[in-house]
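# Fold and contact review
Here's the letter readout for the chains.
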Amino acid sequence: MTLFHGLSAFPLTPTDAEGHVDTEGLARFLERIQRAGADSIGLLGSTGGYAYLTREERKRAVQAAVECIGGKTPLVVGVGALRTDEAQALARDAKSAGADGLLLAPMSYVPLNEDEVFQHFVAVAEAGELPLCIYNNPSTTRFTFSDALIARLSEVSNIVAVKMPLAANDDYAGELARLRSMTTDTFTIGYSGDWGAADALLAGCDTWYSVAAGLLPVPALALTRAAQSGDAVESTRLNRAFGPLWTLFKHYGSFRVMFVIADYLGLAHVQPPRPILPLPEDAGDDIRQALEKLE
């Protein structure tokens, strides 16, 4: 089992305008990732638009994913919700459907403090009864996990990993050393923010939680394996090919860009959930040119 190690690919969750999951379209994304050989799939992450889906639709997505790739590629399911009882229910749904692990972000409207986040995670970890990854994503949740809180949570049963934002000043080696000194040997540390993945992997992180791999798993996996092997020259070359796409991710937001990529690849013609609007047509030309660099 490669849960919370290597390349974890995060696909879109295709839906119609009413928020109903297109299970056939989702299966196309998942099969593409599974064939490429990614180490795990992160369903219903930020790229999967979990915050825009009802509990019933999230349940449908997990059930469809398990039917498609269950037993082939480990499946990590996002279970973030505003209320603790809702997140607990989502965690139970994911386990019942056959998920292998959970990913939890501290969603909120009222800003949360560390004790509130700690109790929230303990409750969901107990309810889900599956290995759980802390989702430290301050750009969306407006909550930043302190090193001390990560260390405290790492002692909780079932909490086994953290998904970190890009390190300040690109000091991945320093951050990894600091966190590893505070957590157990089995607790894994990975990063999101695709444009920093090569540096994070070369510094020795355990996991790349990748947006791009949700639709472009082959080049993302090549970059992962090169960096994991310590081949700085090859990983730098591959990361440079991704450069134009990373620029577009930063400019437009990776979530919006992924919808254009899905359409360009002929995998699904879907729109982002409102109030998010599709990108203008001229952005599509830039995205297509960026993809040509990866061919």
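Here the residue numbers are simple positions, counted from 1 along each chain's written sequence. The predicted origin of the model limits local features to residues at a pLDDT of at least 70 and limits the giving and counting of side-chain atom pairs to 80 or more, whereas totals for whole chains, interfaces and linings rest on all residues. Side-chain calculation: all heavy atoms of the structure are included, whereas hydrogens and water are not.

## Focus on the UniProt feature "binding site: pyruvate" (unreviewed entry) in the protein
UniProt positions are given in the numbering used here, feature names are shortened, and annotations may be inferred rather than shown by experiment. The residues that UniProt annotates with the feature "binding site: pyruvate" (unreviewed entry) are T47. Strands are runs of DSSP state E lasting at least two residues, helices are runs of H or I lasting at least four, and both sets are numbered from the N terminus onward. The topology assignment puts T47 in the loop between β2 (40–43) and α2 (55–69). With a 1.4 Å probe rolled over the protein chains alone, any residue whose accessible area is under 20% of its type maximum counts as buried; one over 50% counts as exposed, and the rest are partly exposed. Residue classification places T47 among the buried residues on the basis of a relative accessible area of 7%. By the convention used here, residues are in contact when the closest approach between their heavy atoms is within 4.5 Å. Sequence-distant contacts of T47, that is, excluding residues within four places in its chain, are made with F10, P11, L12, T13, V211, F255 and M258.

## A closer look at helix α9 (residues 217–228)
Since the α-helix advances by 3.6 residues per turn, residues separated by three or four positions end up pointing in the same direction. Taking 1.5 Å per residue as the helical rise, α9 with its 12 residues ought to reach 16 Å, and the 16 Å between its terminal C-alpha atoms agrees with that figure. Those residues of α9 not exposed but buried are P217, A220, L221, L223, T224, A226 and A227. Buried positions along α9 lie against β1 (6–9), α1 (23–36), α8 (197–202), β8 (207–210) and α10 (232–252). G230 occupies a position one or two residues after α9 and carries a positive phi of about 85°. The length a helix should cover is 1.5 Å for every residue beyond the first.

## Some words on unusual backbone geometry
Across the junction of R274 and P275, the peptide omega takes the value 20°, indicating a cis bond. Tracing the sequence through the fold places P275 in the loop between α11 (254–264) and α12 (281–292). Here E129, not a glycine, exhibits a phi torsion of approximately 55°, which is positive. Tracing the sequence through the fold places E129 in the loop between α4 (114–128) and β5 (132–135). Judged by relative accessible area, E129 falls into the exposed class, the value being 52%. Its identity is not glycine, yet R142 carries a phi of approximately 65°, on the positive side. Of note, R142 is situated in the loop between α5 (138–141) and α6 (147–154). The class for R142 is exposed, based on a relative accessible area of 65%.

## Quick look at the sheet that holds β1
Strand pairing requires that DSSP identify at least two bridges connecting the strands. One closed barrel accounts for 8 strands, arranged β1-β2-β3-β4-β5-β6-β7-β8; its pairing is parallel. Here the strands of the sheet are splayed against their neighbours by 25° on average, with no regard to which way each runs. The pairing of strand β7 (residues 188–191) with β8 spans 2 bridges and is classified as parallel. Within β8, the position partnered with Y191 by the bridge is W208. Running at roughly 175° to strand β3 (residues 75–78), α2 makes contact with β2 and β3 of the sheet. Whenever a helix is involved, its axis is fitted only over the stretch in contact; in every case the axis is a line through C-alpha atoms, and angles between N-to-C directions fall within 0 to 180 degrees.

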